Amino acid sequence: METKKKLKVSAIRNGTVIDRIPAGELFHVIEILGLAKGGLQMTFGTNLESKVLGTKSIIKITDKFFEEDDVNRIALVAPDAVLNIIKEYKVVEKRRVVIPSEICGLVRCLNPRCITNHEPVRTRFITSMTPEGLVLRCHYCEKETEQKNLQIISNN
Amino acid sequence: MKSLISINDFNKEEMMQVLDLAQKYEADPNCPIFMDKVIACIFFEPSTRTRLSFETAASRLGARVVGFASLSATSIAKGESLKDTIKMVSNYADMIVMRHPLDGAARYASEIAGCPVINAGDGANQHPTQTLLDMYSIRKTQGTLENLSITMVGDLKYGRTVHSLLQAMSHFNPRFHFVSCPELEIPWEYKHFLDSRNIPYTQHNVLEGQIRDTDILYMTRIQQERFQDPMEFEKVRNLMSLDASMLTETRPNLRILHPLPRVNEIATDVDERPEAYYFDQARNGVYTRMGIITYLMNQ
């Protein structure tokens with residue numbers, strides 16, 4: 001007898017499923033990817049059980065496929081996220097996000113004296129991994145911001 | 001087209017080319033090779049030494065100098081953005097020399113301007129022409145930049161000249177000794193930088209006893225506003241101050257540098273000592289800036 005796991009968030013025919021988002025970062029991911037705009041058909045679940053994360057969020061977006069550079073922007077808030085590319089209800093590709101070497105226009109510089117906090121300048125950071133974790137070095141003021149202090153720039 | 005915003009914009013070879021040009025200009029300071037050029041010196045905050053040094057350097061190279069030394073007489077006082085100011089100035093001039101109170105302003109300006117930009121200090125971030133003149137002074141007094149023992153004293157946390165010099169000298173196999181109070185210690189990212197390049201360094205809280213094995217003693221000013229308690233400031237200042245009685249059993253080649261202005265971290269009785277080099281260092285600023293202008297103009 002065939003038993004099928006009951007999905008908490010309904011399946012999509014074609015599109016992208018972003019899995020393993022930390023439960024508290026769902027709305028950041030939606031914001032970073034600009035999913036709230038553009039009339040996309042989208043379902044999401046949050047505080048779902050996860051073996052890896054404890055609790056997680058998941059987003060399913062119909063008929064949407066992302067460029068690699070776009071989707072890697074969510075690595076800052078969801079470093080374990082997995083993208084499942086869905087064609088005719090089947091997963092045809094799984095992709096892990098990777099932290100990009102450069103991050104533009106996404107994060108605010110923590111230095112209040114940085115020019116980016118005073119003039120309409122698009123922020124730009126070079127990323128690097130240190131023993132203390134991910135560090136973002138501002139292209140302009142050259143100060144470093146640690147992952148725990150990251151402030152995502154709201155697009156709204 | 002190349003700008004000089006951060007000392008990291010120049011590799012070792014480029015630094016040496018600038019120092020060689022500076023040496024040439026010291027031997028013959030009047031070289032009007034840029035009589036057809038206009039250099040804009042735009043200073044969004046006050047500066048005496050750096051601005052006069054740049055204007056002298058540009059004048060000795062024959063260039064005409066335009067610009068402003070404070071904001072009050074400019075359109076910025078009317079609310080003009082930095083972007084618009086830089087766009088406008090770069091239409092007029094062949095090169096921009098700029099100082100600005102905000103960190104990163106010079107990098108931003110270099111991305112907007114259609115001409116080379118020289119950073120003459122952007123907030124607490126970088127002051128690369130000071131670093132090159134420090135290097136020129138070191139090479140001139142020691143005959144080399146290689147394998148030197150450099151002791152840095154004072155405000156190692158906020159002092160931008162300290163950070164830039166440390167990065168620049170890392171190309172030349174140095175040994176560093178850092179003397180500061182715990183509140184003004186060298187930041188972890190610079191220690192991490194030195195560790196990653198296997199450059200040895202030691203840290204101390206008192207200057208006394210740290211001078212003996214030093215080739216270059218790089219003194220910096222401790223700013224009172226870094227301390228909430230004025231008593232604490234006095235205590236720290238005494239531990240970081242240099243007077244002539246401390247200059248015994250030193251290396252014969254020891255030279256004392258200071259980016260100036262000095263307050264009282266170097267007693268005036270040091271001024272007459274052969275080790276004191278800080279006033280000559282300031283004079284080297286003109287030759288070094290002539291070298292920088294020439295190098296960037298020719299790119």
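Q: For this particular structure, what's the right way to read the overall build of chain B?
A: When its secondary structure is counted, chain B shows nine helices and nine strands. Counting only C-alpha atoms, chain B reaches 55 × 45 × 40 Å along its principal axes. Expressed as a percentage of the 299 residues in chain B, the buried residues total 47%. Sequence separation of 24 or more characterises 75% of the internal contacts of chain B that already satisfy a separation of 6 or more.

Q: Would you explain the overall build of chain A in this entry?
A: Secondary structure summary: chain A contains two helices and 11 strands in total. Its helices and strands in sequence order give chain A the pattern β-α-β-β-α-β-β-β-β-β-β-β-β, from N to C terminus. By its C-alpha atoms, chain A is 65 × 35 × 25 Å across when sized along the principal axes. Residue burial in chain A is summarised as follows: out of 156 residues, 29% are buried. Taking contacts inside chain A between residues at least 6 apart in sequence as the whole, the part at least 24 apart equals 62%.

Q: Looking at this model, I keep getting lost on the environment of I115 of chain A. Mind explaining?
A: Looking at the secondary structure, you find I115 of chain A in the loop between β7 (107-108) and β8 (124-130). The class for I115 of chain A is buried, based on 27 C-beta atoms found within 10 Å. Along the backbone, I115 of chain A and A81 of chain A are 34 residues apart, and their C-alpha atoms lie at a distance of 33 Å. Beyond its immediate chain neighbours, meaning those up to four positions away, I115 of chain A contacts V121, Y140 and C141 of chain A together with L102, D103, G104, A105 and Y108 of chain B.

Q: Can you walk me through the interface of chain A and chain B in this structure?
A: When the parts of a complex come together, some accessible area is lost, and that lost area is often taken as the interface size. Contacts between chain A and chain B engage 15 residues on the former and 15 residues on the latter. Here the side of chain A that touches chain B is built from residues that sort into six nonpolar, four polar and five charged.

Q: What exactly am I supposed to notice about the nonpolar core here?
A: Across soluble globular proteins, you tend to see nonpolar side chains buried next to one another. Ranked by size, the top nonpolar core spans 114 residues in total, and within it V29 and I74 of chain A together with I96, V97, A109 and Y218 of chain B carry the most contacts. For I96 of chain B, the residues in contact, after removing those within four places along its chain, are A40, I42, V89, S90, A109, A113, C115 and V117 of chain B.

Q: Help me understand the environment of V17 of chain A in this model?
A: Residues and elements named next belong to chain A. Relative to the helices and strands, V17 is located in strand β1 (residues 15-22). By the C-beta count within 10 Å, which is 19 here, V17 ends up partly exposed. Taking the C-alpha atoms as reference points, V17 and A81, separated by 64 residues in sequence, lie 10 Å from one another. For V17, the residues in contact, after removing those within four places along its chain, are I58, K60, N84 and I86.

Q: Just to check I follow, could you spell out the pairing of strand β6 (residues 175-179) of chain B for this structure?
A: Note on strand geometry: in a regular strand, side chains alternate between the two faces of the sheet. Residues and elements named next belong to chain B. Of all five residues that make up β6, four are buried, and the element is covered over most of its length. Pairing of strand β5 (residues 149-153) with β6, which is carried by five bridges, proceeds in the parallel orientation. Across the sheet, residue I150 finds its bridge partner in β6, namely F176. Note that the unit made of β5, helix α6 (residues 160-169) and β6 has a crossover that is right-handed. Examined bridge by bridge, β6 and strand β7 (residues 201-204) share four bridges and lie parallel to one another.

Q: So what exactly am I meant to see when it comes to helix α5 (residues 128-142) of chain B here?
A: Residues that lie three or four places apart on an α-helix share one face, since the helix turns once every 3.6 residues. Residue and element names in this part refer to chain B. Over its 15 residues, α5 extends 21 Å from the first C-alpha to the last, a length consistent with the 21 Å expected when each residue adds 1.5 Å. Taking burial as the measure, the 15 residues of α5 include 12 buried ones, the bulk of the element. Along α5, the residues that are buried comprise P128, T129, Q130, T131, L132, L133, D134, M135, Y136, S137, I138 and R139. Looking at the packing, one finds that the buried side of α5 touches α1 (12-27), β4 (117-122), α6, β8 (216-219), β9 (255-257) and α9 (278-297). Phi for G143, located one or two positions after α5, is positive at around 80°.

Q: It is not clear to me how unusual backbone geometry should be interpreted in this structure. Could you clarify?
A: Most peptide bonds are trans, and most residues other than glycine sit at a negative phi. Omega for the peptide link from L260 of chain B to P261 of chain B comes to 5°, which places this bond in the cis form. In this structure, P261 of chain B sits in the loop between β9 and α9. In this structure, E88 of chain A takes a positive phi of about 50° despite not being glycine. Within the element layout of this structure, E88 of chain A appears in the loop between β4 (82-87) and β5 (90-96).

Q: Please explain the sheet that holds β4 of chain B as it appears in this structure.
A: All names here are of chain B. Read from one edge to the other, the open sheet built from four strands follows the order β2-β1-β3-β4, with strand pairing classed as parallel. Strands at the two margins of the open sheet, each flanked by one partner only, are β2 (64-68) and β4. Strand after strand, the sheet turns through a mean of 15° between neighbouring axes, direction not considered. Direction of pairing for strand β1 (residues 38-43) relative to strand β3 (residues 95-100): parallel, over a ladder of five bridges. The residue bridging I39 from the neighbouring strand is M95, located in β3.

Q: Sorry if this is basic, but what is going on with the pairing of β2 of chain B here?
A: Residues and elements named next belong to chain B. The pairing of β1 with β2 spans five bridges and is classified as parallel. Its bridge partner lying in β2, A40 is registered against V66. In this fold, β1 hands off to helix α2 (residues 49-60), which returns the chain to β2; that crossover is right-handed.

Q: Quick question: what am I supposed to make of the domain arrangement of chain B here?
A: Residues and elements named next belong to chain B. Annotation of chain B at the domain level lists domain 1 (31-126) and domain 2 (129-282). Using C-alpha coordinates to define each centre, domain 1 is positioned 29 Å away from domain 2. Residue-level contacts link six residues of domain 1 with six residues of domain 2. Taken together, the residues of the side of domain 1 that touches domain 2 break down into three nonpolar, two polar and one charged.

Here is what the cut-offs are and how they apply
Here the residue numbers are simple positions, counted from 1 along each chain's written sequence. Each chain gets a letter, beginning with A, and each ligand a number, beginning with 1, in the order they are written. Where local features are concerned, this predicted model is filtered to residues with pLDDT of at least 70; where side-chain atom pairs are given and counted, the filter is 80 or more; whole-chain, interface and lining totals use all residues. Think of it this way: any DSSP run of H or I at least four residues long counts as a helix, any run of E at least two long counts as a strand, and we number them from the N terminus. Between the buried cut of 20 or more and the exposed cut of 12 or fewer other C-beta atoms within 10 Å of a residue's own C-beta lies the partly exposed class, and all C-beta atoms are placed from the backbone. Residues are defined as contacting one another if the C-beta atoms placed from their backbone atoms lie within 7 Å. All residues other than Ala, Val, Leu, Ile, Met, Phe, Trp, Tyr, Cys, Pro, Asp, Glu, Lys and Arg, Gly among them, are scored as polar; the first ten of these are nonpolar and the last four charged. Nonpolar core, as used here: buried Ala, Val, Leu, Ile, Met, Phe, Trp, Tyr and Cys residues forming one set through C-beta atoms within 7 Å. DSSP calls a pair of strands paired once it identifies at least 2 bridges connecting them. Seen with its strands pointing away from the viewer, a crossover is right-handed when the path leading from the first strand over the helix to the second is clockwise. Given a helix with a known number of residues, its expected span is that number minus one, times 1.5 Å. In this analysis an axis means a line fitted to C-alpha atoms, helices contributing only their contacting stretch, and an angle means the value between N-to-C directions, from 0 to 180 degrees. What fixes the domain bounds is an automatic or database domain assignment.

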